[in-house]
Amino acid sequence: MNKLFKKTGFLWLMVAIALSGCNTGTSENGSPLTKTDDSPLTYLLPSPQTDGNVSVEKTMAERRSQRSFQDREISAEQLSQILWAAYGVTFPRTDREFLRGGLRTAPSAGALYPFEIYAVVGKVKGIEPGVYRYISQEHKLVRTIETDVRAELRAAALGQAMVEEAPVTVAYSAIFSRMTGKYGDRGRERYVCMDLGHSAQNIYLQAGALRLGACAIGAFVDDRVSQVLQLPQEEEPLYLMPVGHYYKQP
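These lines cover the structure that appears in this document, whether it is placed above or below. (Residues numbered from 1 in each chain as written. Predicted model: local features only at pLDDT ≥ 70, side-chain atom pairs only at ≥ 80, totals over all residues. Heavy atoms only, no water.)

Describing the pattern of salt bridges
- By the definition in use, this model includes 12 salt bridges.
- The partner of E62 in a salt bridge is K58, and the shortest N-O contact between them spans 2.8 Å. With a gap of four residues between them, E62 and K58 both fall in helix α2 (residues 56-62), about one helical turn apart.
- Residue classification places E62 among the partly exposed positions, given a relative accessible area of 41%.
- The closest approach of N and O atoms between D71 and K123, which form a salt bridge, is 2.3 Å. With D71 in the loop between α2 and α3 (76-87) and K123 in the loop between β6 (115-121) and β7 (130-135), this pair connects stretches of sequence that are 52 residues apart.
- Judged by relative accessible area, D71 falls into the exposed class, the value being 61%. (Salt bridge = Lys/Arg side-chain N within 4 Å of Asp/Glu carboxyl O. Helix = DSSP H or I, 4+ residues; strand = E, 2+ residues; numbered from the N terminus. Buried < 20%, exposed > 50% of the residue type's maximum accessible area, 1.4 Å probe, protein only.)

Side note on α3
- Here α3 is 12 residues long and its end C-alpha atoms lie 17 Å apart, about the 16 Å a rise of 1.5 Å per residue gives.
- Counting buried positions over the 12 residues of α3 gives 12, a clear majority of the element.
- For α3, the full list of buried residues reads A76, E77, Q78, L79, S80, Q81, I82, L83, W84, A85, A86 and Y87. (Expected span 1.5 Å × (residues − 1).)

Considerations on the layout of surface pockets
- There is about 610 Å³ of room inside the largest pocket.
- In this structure, the largest pocket is lined by 22 residues; those nearest its centre are G52, Q81, Q206, A209 and L210.
- Sorting the residues of the lining of the largest pocket by element identifies α2, α3 and α7 (185-209) as the ones contributing at least two each.
- At five residues, α3 tops the list of elements feeding residues into the lining of the largest pocket.
- Per-class residue counts for the lining of the largest pocket are seven nonpolar, 12 polar and three charged.
- Here the second largest pocket defines a volume of roughly 210 Å³.
- In terms of lining, the second largest pocket is formed by 15 residues, of which the most central are E62, Q66, G208, L212 and Y246.
- Counting residues per element, the ones that place at least two in the lining of the second largest pocket are α2, α7 and β10 (213-214).
- For the lining of the second largest pocket, the leading source of residues is α7, giving four residues.
- When its residues are assigned to classes, the lining of the second largest pocket shows six nonpolar, four polar and five charged. (1 Å grid on protein atoms, 1.4 Å probe; cavity = no way out; pocket = protein on both sides within 12 Å on 5 of 7 lines; lining within 4 Å. Points joined across faces, edges and corners; volume = space filled by probe spheres on them. Nonpolar A, V, L, I, M, F, W, Y, C, P; charged D, E, K, R; others polar.)

By themselves, these are just geometric observations and shouldn't be taken as functional.
Below you can see the structure in the form of structure tokens.
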């Protein structure tokens, strides 16, 4: 019996050692968060849920912009849901290259999807701080900046404290040529703005369903935001949306 115990204990020790070296974490509902060996640093996000416990009607009735956030992390699962709601692929298609993966959670004029979406991460469980580009078609994050830039982003956003206080800010940039190539000036002046509203409202509603707060920000110095996020020249910043646990008003 003693030999059997020692043998069993040794096997469990080997399992523990193997698991400790694995790059796969676990979100709150058991879905995997995978940190890959790719360079730059890449995370495969937990699979988004498509059925929840809060109705769309309830989230619309309770929707408010929240501007004061607690010093608390959010989970990778919550960030996964937020990004999926913003621009996640819901109907994969590879037959048309301009779709870049398929149809998404938010409507877009001509299905041209002009945005690039970034997660400015400060405190997300299992994800290192930094700036990440969201890749919709693979539901993953690819790091573009290795440091927490929330303080710098706050300065670029005219000192709005919520940008630094929130554990993550979703940042939208637009590649206008994706729209203007088909729609000309009307694509730039109207359709991109319409698309932005569709996607941002999805974040509001998803945040509400997760009992998180969000706030859409358009007041910032464009060039400074571009510098802080190190945006490619073809991208123009449009929106910042801090997301996190908020202080409930009395």
